[in-house]
Structure formats: structure tokens, C-alpha cells
Amino acid sequence: MKLGVVGLPNVGKSTLFNAITKAGAECANYPFCTIEPNVGVVAVPDERLEVLGKLYNTKKITPAVIEFVDIAGLVKGASKGEGLGNKFLANIRETDAIVHVVRCFEDENVTHVDNVVDPVRDIETINLELIFADTDSVKKRYDKAFSMIKTGDKKYKTEAEFLERLLNHLNSFKPARTLPCNEEEKEYLKDLFLLTAKPVIYTANIGEKDMGKPEESLPLAKKVIDYARSENAEYMVICAKTEEELSGLSPEEQKMFLGELGVKESGLDRLVKTSYKLLGLISFLTAGEKEVRAWTIENGTKAPQAAGKIHTDFEKGFIRAEIVDYDTLVELGSFNAAKEKGKVRSEGKDYVMKDSDVVLFRFNV
């Protein structure tokens, strides 16, 4: 899973990126500090892995990972190449989802490209540039499909009609992801690889003094929340500066610090959970003395395809999956004990994997 972190210059993108990846991306108070995208691979926090590691006395624990890409600050005119815009847009195109960081703090020491902090204006500045870029792409596809209608093939007429509806939607300054689509149209949309079709998490970056306060009580953050809700998009409120401070602490110190702030989870934990929800992802687990590991799959994946995530031979020669629920395994203390109690299920090719599954795949090639 690859998430692109975007936003206007000086909204806290790189600060957040540094905090969640500890990758040390350069962070300074001027536009275009980030030119080449910084990339950081982050382990997905999963307490189950530590528990299983102790249970199996395992030699290695391997969590699932997320790749974060810190994309340089976009500006007005990016769709036309302003501020190295073409390069930035290409970087966004390669991601699975967008983390759109929005400035929701006042600080006279940190300049704003428009001099005044206005979250909705900032969101719309980015969204419009992405919409303009998508409009150009869709127009080219529409012209091609329209010219092929004369061949008599009905698929071109159907495609052209959908693309015309999509163009009208984009020309109304609405992102492609908000266009109502049937199943066939969703496939058309997917094949277009549009920037505004990507799922988004609007991330309100608040000041340190606002940490621990109810989200709805923060006027600037509330604007971001309301905007996200109007789009049925995901959102979260975070303090990038605090997250950066947290990243330098031990797990015990982090827990104590968060407790003092009245916050239950770190921004990274919440961002990961929100990302999984956004992209419809779950993790299944494998466990043994050699390794305990989490594997990321799409919700709805069947057992053979899940096995294929481990190795293609597992999918080709799939026989069955021996599965025990995580909580049951921990309660009974071992896979063999669960088997003796009849708690290990033997599932076939049509079984749909669940997030709590601890699995042993049987295969033959």
C-alpha cells in the first residue's frame, strides 16, 4: 500500500512524514523544500504479533508495511506545470490513496502561501489542480471513444456517454470519486487512473496547544471535518509537531506522553487504521517458531489468493487452509491445543479470509 502525502507548501506535510517514518525528510519554512518525493516504509502497528511471538518463542516478527511518499507542496497552476507541477502530479498518480494535509494552526513564524490560514480554500486549491489535470486526461479519452462510435461497436457509444457524464462532473469542480457509478462504470473509472478518483484522507494539522481538545470544538479543524463529510471521505485530526516529538521517544515514553495529553493513540496508529478502512484492507497472520508475520490483503479475498500473497506455489497447489481465530489461539495457548479442542477449521477454496485468522496453508505442487 502506497500513500501519497500532499498539501500546499508549509502546511506540515514533511513534519508529519518525518514523524511517521522517522526518515528525516528535509523540513524548512519555504515552498518547494521537497522536490524529489521522499519515501518511507512504515511497519503497521499490530499488538497481535508481539503476543504470538511470545506464544511461539519465535525468532522473527515481520509486520505488514505501508509506504508513505512525501510529495512536494502543490500550488495554483500545478496542472499547467507551475511550481514543478507536472512532476508532482506524476508522483501522486503512482499512489493508492492520498493523505491530504491541511493547515489548521496559526503561527506567525510559519509563512502561508496565501498569507491567511483558510482550510477550505487550501483544500479546494489542491483539488482544483487535480481536477484540471483529470479533465485533460478524460477529454482525450472521450475524443478517442467518440471518434470510434462510427465503427458501430456499442462499447464505444457506452464509453463515450460515461466519459461525457464524467467530464460534466469534473467541469462542475467535483472530484471523480464523488461521481455515482454502476459496477460497469466503476471499471471504466478504474482504468482511467485519475488523480481525483483516488480515495483520500483529509488530515487537519492542528497546533500543539489544541492537542487533546474535542475535534468539533476547533474551528479550523471543524471546517476540514465538514468538508470531508460532504464528500463522504475519511478524515483525521493530528498535530504533526507533536507526532514528530513522539517519534523520538521509546514506546513506554510515548504511552506516558499521550496519556498526559489525554490522547489514546498516536497519529500513526490512527492513520494506519484509517488507511486500511479507506482501501478496504485487512491482515491475516501466520505463526511459527521461525517467524510470526502479518500479511495485507483486500477484504473479501479468498483463501487461495491469500495463500498466493505468501508464495505463488501456495495458490497454484492450494489444498486447504487450517484456520484458528486469534483470540481462541491465545486463550488455548497453542495451535495443537486449539486443534485438540476442535477449534481449528479446515477451509477450502471458497473461504473468505477474516482479519482475525491465524492460518496454516496446505498445498501441493
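Residues numbered from 1 in each chain as written. Predicted model: local features only at pLDDT ≥ 70, side-chain atom pairs only at ≥ 80, totals over all residues. Heavy atoms only, no water.

Visitor: Before we move on, can you summarise the overall build of the chain with the specific residues and values?
Guide: Summing up its helical and strand segments, the chain has 14 helices and 12 strands in all. Sorting the 365 residues of the chain into buried and exposed places 48% on the buried side. Considering only contacts in the chain between residues 6 or more positions apart, those separated by 24 or more positions represent 68%. Total accessible area on the chain stands at roughly 18,600 Å², and carbon and sulfur atoms take up 51% of it. (Helix = DSSP H or I, 4+ residues; strand = E, 2+ residues; numbered from the N terminus. Buried < 20%, exposed > 50% of the residue type's maximum accessible area, 1.4 Å probe, protein only. Contact = heavy atoms within 4.5 Å. Areas by Shrake-Rupley, 256 points an atom, 1.4 Å probe, with all protein chains shown as cover.)

Visitor: Which residues make up the environment of asparagine 91, and what values do they have?
Guide: Among the structural elements, asparagine 91 can be located in helix 3 (residues 85-93). On the basis of relative accessible area, asparagine 91 is assigned to the buried category, the value being 14%. With 22 residues separating them along the chain, asparagine 91 and valine 69 place their C-alpha atoms 8.4 Å apart.

Visitor: So what's going on with unusual backbone geometry? Which residues, and what values?
Guide: A positive phi angle is found at phenylalanine 193, which is not glycine, with a value near 50°. Relative to the assigned elements, phenylalanine 193 resides in the loop between helix 6 (183-192) and strand 6 (200-206). Residue class for phenylalanine 193 comes out exposed when judged on its relative accessible area of 58%. The phi angle at asparagine 232 is positive, at roughly 55°, despite the residue not being glycine. Its place among the elements puts asparagine 232 in the loop between helix 7 (219-230) and strand 7 (234-238). By relative accessible area, asparagine 232 is classed as exposed at 74%.

Visitor: How would you sum up the packing of aromatic side chains? Please name residues and give values.
Guide: Taken as a whole and judged by the stated rule, the model has seven aromatic pairs. Taken together, a centroid distance of 5.9 Å and an interplanar angle of 90° make the contact between phenylalanine 284 and phenylalanine 361 edge-to-face. Of this pair, phenylalanine 284 sits in strand 8 (residues 281-287) while phenylalanine 361 sits in strand 12 (residues 357-363), and the two are 77 residues apart along the sequence. An aromatic cluster of at least three residues, connected via ring pairs, comprises Phe284, Trp295, Phe318 and Phe361. Positioned above the aromatic ring of tryptophan 295, the side-chain terminus of arginine 293 is 4.0 Å from the ring centre. (Phe/Tyr/Trp six-rings, centres within 6.5 Å; stacked < 30°, edge-to-face > 60°. Lys NZ or Arg CZ within 6 Å of the ring centre and 35° of its normal.)

Visitor: So what about the pairing of strand 6? Which residues, and what values?
Guide: Most of strand 6 is tucked away: seven of the seven residues are buried. One ladder, built from seven bridges, connects strand 5 (residues 97-104) with strand 6; its direction is parallel. Bridge pairing in strand 6 links valine 101 to threonine 203. As paired strands, strand 6 and strand 7 are joined by five bridges and run parallel to one another. Bridge pairing in strand 7 links asparagine 205 to isoleucine 238. (Pairing = 2+ DSSP bridges.)

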